[in-house]
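# Topology and contacts: notes
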Amino acid sequence: TFSNSDVLSDFIYARSFGKNAESTSEFVKVSVKAYGSEKVSCVLKHFPGYGNNGDTHKKIVYDSRSLDTFEKSDFLPFIAGINAGAPCVMVSHNIVKNMDAAYPASLSSKVHKILRQKLGFDGVIMTDDLSMGAVTKYEQGKSACVDAFNAGNDIILTGGNVPENFNAVYSAVKSGKISEKRLDESVKRILIWKYEMGIIQ
(Lines give C-alpha, C1' and ligand atoms only; values in the text may rest on other atoms or scores of the structure.)
Protein backbone atom coordinates (compact mmCIF):
# COMPACT_ATOMS: atom_id res chain seq x y z
CA THR A 1 0.00 0.00 0.00
CA PHE A 2 1.04 3.63 -0.49
CA SER A 3 0.54 6.56 1.80
CA ASN A 4 -1.04 9.73 0.45
CA SER A 5 2.35 11.47 0.49
CA ASP A 6 3.84 8.63 -1.58
CA VAL A 7 1.15 9.02 -4.23
CA LEU A 8 1.48 12.81 -4.31
CA SER A 9 5.22 12.49 -4.94
CA ASP A 10 4.83 10.11 -7.89
CA PHE A 11 6.18 11.63 -11.11
CA ILE A 12 2.94 11.35 -13.08
CA TYR A 13 0.55 12.40 -10.29
CA ALA A 14 0.56 16.15 -10.99
CA ARG A 15 -0.05 15.46 -14.69
CA SER A 16 -2.99 13.13 -14.11
CA PHE A 17 -6.60 13.22 -12.93
CA GLY A 18 -5.31 11.62 -9.73
CA LYS A 19 -8.36 9.51 -8.84
CA ASN A 20 -9.09 5.78 -8.78
CA ALA A 21 -9.68 3.81 -11.99
CA GLU A 22 -13.48 3.96 -11.79
CA SER A 23 -13.65 7.73 -11.26
CA THR A 24 -11.02 8.31 -13.92
CA SER A 25 -12.91 6.09 -16.37
CA GLU A 26 -16.10 8.09 -15.87
CA PHE A 27 -14.21 11.37 -16.30
CA VAL A 28 -12.55 10.07 -19.49
CA LYS A 29 -15.86 8.90 -20.95
CA VAL A 30 -17.60 12.23 -20.32
CA SER A 31 -14.59 14.25 -21.53
CA VAL A 32 -14.11 12.32 -24.77
CA LYS A 33 -17.80 12.62 -25.65
CA ALA A 34 -17.92 16.32 -24.78
CA TYR A 35 -14.82 17.19 -26.80
CA GLY A 36 -15.92 14.97 -29.68
CA SER A 37 -19.27 16.75 -29.89
CA GLU A 38 -17.33 19.96 -30.58
CA LYS A 39 -15.05 18.29 -33.13
CA VAL A 40 -12.06 18.34 -30.79
CA SER A 41 -9.98 15.15 -30.67
CA CYS A 42 -8.74 13.45 -27.52
CA VAL A 43 -5.56 11.42 -27.15
CA LEU A 44 -5.57 8.83 -24.36
CA LYS A 45 -2.21 8.47 -22.62
CA HIS A 46 0.09 6.90 -21.55
CA PHE A 47 -0.79 3.33 -22.57
CA PRO A 48 -0.67 0.77 -21.03
CA GLY A 49 -0.72 2.90 -17.87
CA TYR A 50 2.00 4.76 -16.01
CA GLY A 51 1.54 3.84 -12.36
CA ASN A 52 4.03 5.16 -9.81
CA ASN A 53 7.03 4.82 -12.10
CA GLY A 54 9.87 7.27 -12.70
CA ASP A 55 10.40 10.01 -15.27
CA THR A 56 10.92 8.65 -18.80
CA HIS A 57 12.04 12.08 -19.95
CA LYS A 58 15.34 11.37 -18.20
CA LYS A 59 16.00 7.63 -18.00
CA ILE A 60 14.97 4.07 -18.82
CA VAL A 61 12.07 3.13 -16.55
CA TYR A 62 10.94 -0.40 -15.66
CA ASP A 63 7.37 -1.16 -14.60
CA SER A 64 7.27 -4.31 -12.45
CA ARG A 65 3.55 -4.32 -11.71
CA SER A 66 1.45 -7.41 -12.45
CA LEU A 67 -0.79 -7.89 -15.48
CA ASP A 68 -3.69 -8.21 -13.06
CA THR A 69 -3.03 -4.64 -11.87
CA PHE A 70 -3.29 -3.36 -15.44
CA GLU A 71 -6.43 -5.36 -16.19
CA LYS A 72 -8.23 -4.26 -13.01
CA SER A 73 -7.01 -0.65 -12.94
CA ASP A 74 -4.83 0.92 -15.65
CA PHE A 75 -6.72 -0.48 -18.65
CA LEU A 76 -10.13 0.72 -17.44
CA PRO A 77 -9.82 4.43 -18.35
CA PHE A 78 -8.42 3.46 -21.76
CA ILE A 79 -11.35 1.11 -22.37
CA ALA A 80 -13.77 3.86 -21.33
CA GLY A 81 -12.11 6.35 -23.67
CA ILE A 82 -12.01 3.92 -26.58
CA ASN A 83 -15.69 3.04 -26.11
CA ALA A 84 -16.50 6.77 -25.98
CA GLY A 85 -14.85 7.26 -29.37
CA ALA A 86 -11.34 8.56 -28.64
CA PRO A 87 -9.52 8.46 -31.98
CA CYS A 88 -5.94 8.23 -30.71
CA VAL A 89 -3.84 6.56 -28.02
CA MET A 90 -0.31 7.54 -27.03
CA VAL A 91 2.03 4.77 -25.85
CA SER A 92 4.51 5.29 -23.02
CA HIS A 93 8.23 4.53 -22.94
CA ASN A 94 8.04 2.41 -19.78
CA ILE A 95 9.42 -1.10 -20.11
CA VAL A 96 6.45 -3.08 -18.79
CA LYS A 97 7.98 -6.35 -17.69
CA ASN A 98 4.82 -8.45 -17.69
CA MET A 99 4.05 -7.47 -21.31
CA ASP A 100 7.50 -7.14 -22.89
CA ALA A 101 10.61 -7.08 -20.71
CA ALA A 102 12.88 -6.38 -23.69
CA TYR A 103 11.48 -3.17 -25.18
CA PRO A 104 9.97 0.14 -24.08
CA ALA A 105 6.20 -0.01 -24.65
CA SER A 106 6.49 2.50 -27.50
CA LEU A 107 8.83 0.12 -29.35
CA SER A 108 7.04 -3.10 -28.40
CA SER A 109 4.85 -4.96 -30.88
CA LYS A 110 3.56 -7.03 -27.94
CA VAL A 111 2.21 -3.95 -26.17
CA HIS A 112 0.63 -2.68 -29.40
CA LYS A 113 -0.97 -6.08 -29.93
CA ILE A 114 -2.62 -5.81 -26.50
CA LEU A 115 -4.01 -2.40 -27.41
CA ARG A 116 -5.31 -3.58 -30.79
CA GLN A 117 -6.52 -7.07 -29.90
CA LYS A 118 -7.29 -7.13 -26.18
CA LEU A 119 -8.73 -3.60 -25.94
CA GLY A 120 -10.07 -3.59 -29.52
CA PHE A 121 -8.65 -0.20 -30.49
CA ASP A 122 -8.68 0.45 -34.25
CA GLY A 123 -7.75 4.14 -34.28
CA VAL A 124 -4.43 5.97 -34.48
CA ILE A 125 -1.56 5.00 -32.16
CA MET A 126 1.24 7.47 -31.56
CA THR A 127 4.49 7.34 -29.65
CA ASP A 128 5.45 9.62 -26.85
CA ASP A 129 8.40 11.84 -27.83
CA LEU A 130 11.22 9.59 -29.04
CA SER A 131 13.83 12.16 -28.02
CA MET A 132 13.13 11.40 -24.35
CA GLY A 133 15.86 9.79 -22.27
CA ALA A 134 14.08 6.44 -21.88
CA VAL A 135 14.39 5.89 -25.64
CA THR A 136 17.66 7.63 -26.48
CA LYS A 137 19.44 5.73 -23.70
CA TYR A 138 17.78 2.47 -24.80
CA GLU A 139 18.64 2.95 -28.48
CA GLN A 140 22.13 4.29 -27.62
CA GLY A 141 21.97 7.16 -30.10
CA LYS A 142 20.33 5.29 -32.99
CA SER A 143 17.08 6.64 -34.45
CA ALA A 144 14.15 4.78 -32.88
CA CYS A 145 11.66 5.79 -35.57
CA VAL A 146 11.83 2.64 -37.67
CA ASP A 147 11.51 0.37 -34.63
CA ALA A 148 8.63 2.50 -33.35
CA PHE A 149 6.78 2.32 -36.66
CA ASN A 150 7.29 -1.41 -37.04
CA ALA A 151 6.08 -1.93 -33.47
CA GLY A 152 2.69 -0.59 -34.58
CA ASN A 153 2.69 3.18 -34.18
CA ASP A 154 0.97 5.26 -36.84
CA ILE A 155 2.39 8.64 -35.81
CA ILE A 156 5.98 9.11 -34.65
CA LEU A 157 6.65 12.03 -32.31
CA THR A 158 10.24 13.14 -32.45
CA GLY A 159 11.55 16.29 -30.84
CA GLY A 160 15.05 15.47 -31.93
CA ASN A 161 16.78 15.49 -35.31
CA VAL A 162 13.81 15.57 -37.69
CA PRO A 163 15.77 15.25 -41.00
CA GLU A 164 17.75 12.29 -39.65
CA ASN A 165 14.61 10.55 -38.42
CA PHE A 166 12.72 11.23 -41.65
CA ASN A 167 15.61 9.80 -43.67
CA ALA A 168 15.73 6.71 -41.45
CA VAL A 169 12.06 5.99 -42.12
CA TYR A 170 12.34 6.86 -45.82
CA SER A 171 15.33 4.52 -46.23
CA ALA A 172 13.48 1.76 -44.37
CA VAL A 173 10.53 2.05 -46.77
CA LYS A 174 12.86 2.03 -49.79
CA SER A 175 14.73 -1.03 -48.52
CA GLY A 176 11.58 -2.91 -47.55
CA LYS A 177 12.29 -2.88 -43.82
CA ILE A 178 9.01 -0.96 -43.56
CA SER A 179 6.45 -2.42 -45.94
CA GLU A 180 4.33 -0.13 -48.09
CA LYS A 181 1.28 -2.10 -46.99
CA ARG A 182 2.03 -1.30 -43.35
CA LEU A 183 2.64 2.36 -44.27
CA ASP A 184 -0.69 2.50 -46.12
CA GLU A 185 -2.49 1.14 -43.04
CA SER A 186 -1.21 4.04 -40.95
CA VAL A 187 -1.98 6.62 -43.64
CA LYS A 188 -5.54 5.29 -43.88
CA ARG A 189 -6.08 5.55 -40.11
CA ILE A 190 -4.76 9.11 -40.06
CA LEU A 191 -6.88 10.17 -43.05
CA ILE A 192 -10.00 8.65 -41.44
CA TRP A 193 -9.26 10.62 -38.27
CA LYS A 194 -8.86 13.86 -40.25
CA TYR A 195 -12.05 13.19 -42.20
CA GLU A 196 -14.07 12.48 -39.05
CA MET A 197 -12.80 15.74 -37.53
CA GLY A 198 -13.74 17.69 -40.67
CA ILE A 199 -10.13 18.59 -41.46
CA ILE A 200 -10.44 17.06 -44.94
CA GLN A 201 -13.56 16.56 -47.05
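Residues numbered from 1 in each chain as written. Predicted model: local features only at pLDDT ≥ 70, side-chain atom pairs only at ≥ 80, totals over all residues. Heavy atoms only, no water.

## Focus: the pattern of salt bridges
All chains considered together, the criterion is met by ten salt bridges. Notably, a salt bridge pairs D154 with R116, separated by 3.1 Å at the nearest N-O pair. Here R116 lies in helix α4 (residues 109-118) and D154 lies in the loop between α6 (145-151) and α7 (162-175), a separation of 38 residues in the sequence. Residue class for D154 comes out buried when judged on its relative accessible area of 7%. Salt bridges sharing common partners tie together R116, D154, R182 and R189. (Salt bridge = Lys/Arg side-chain N within 4 Å of Asp/Glu carboxyl O. Helix = DSSP H or I, 4+ residues; strand = E, 2+ residues; numbered from the N terminus. Buried < 20%, exposed > 50% of the residue type's maximum accessible area, 1.4 Å probe, protein only.)

## Some points on the sheet that holds strand β5 (residues 124-127)
One open sheet accounts for three strands, arranged β1-β3-β5; its pairing is parallel. The two strands at the open ends of the sheet, each matched to only one other strand, are β1 (43-47) and β5. Ignoring which end each strand starts from, the neighbouring axes of this sheet average 25° apart. Inspection of the sheet shows strand β3 (residues 88-91) paired to β5 by four bridges, in the parallel sense. Of the residues in β5, the one forming a bridge with M90 is M126. (Pairing = 2+ DSSP bridges. Axes fitted to C-alpha atoms, helices over the stretch in contact; angles between N-to-C directions.)

## Section: unusual backbone geometry
With an omega dihedral of 0°, the bond running from K45 to H46 counts as a cis peptide bond. Relative to the assigned elements, H46 resides in strand β1. F47 connects to P48 through a cis peptide bond whose omega is 5°. Relative to the elements of secondary structure, P48 occurs in the loop between β1 and β2 (62-63). In the Ramachandran plot, K39 falls in the positive-phi region, its phi being about 60° despite a non-glycine side chain.

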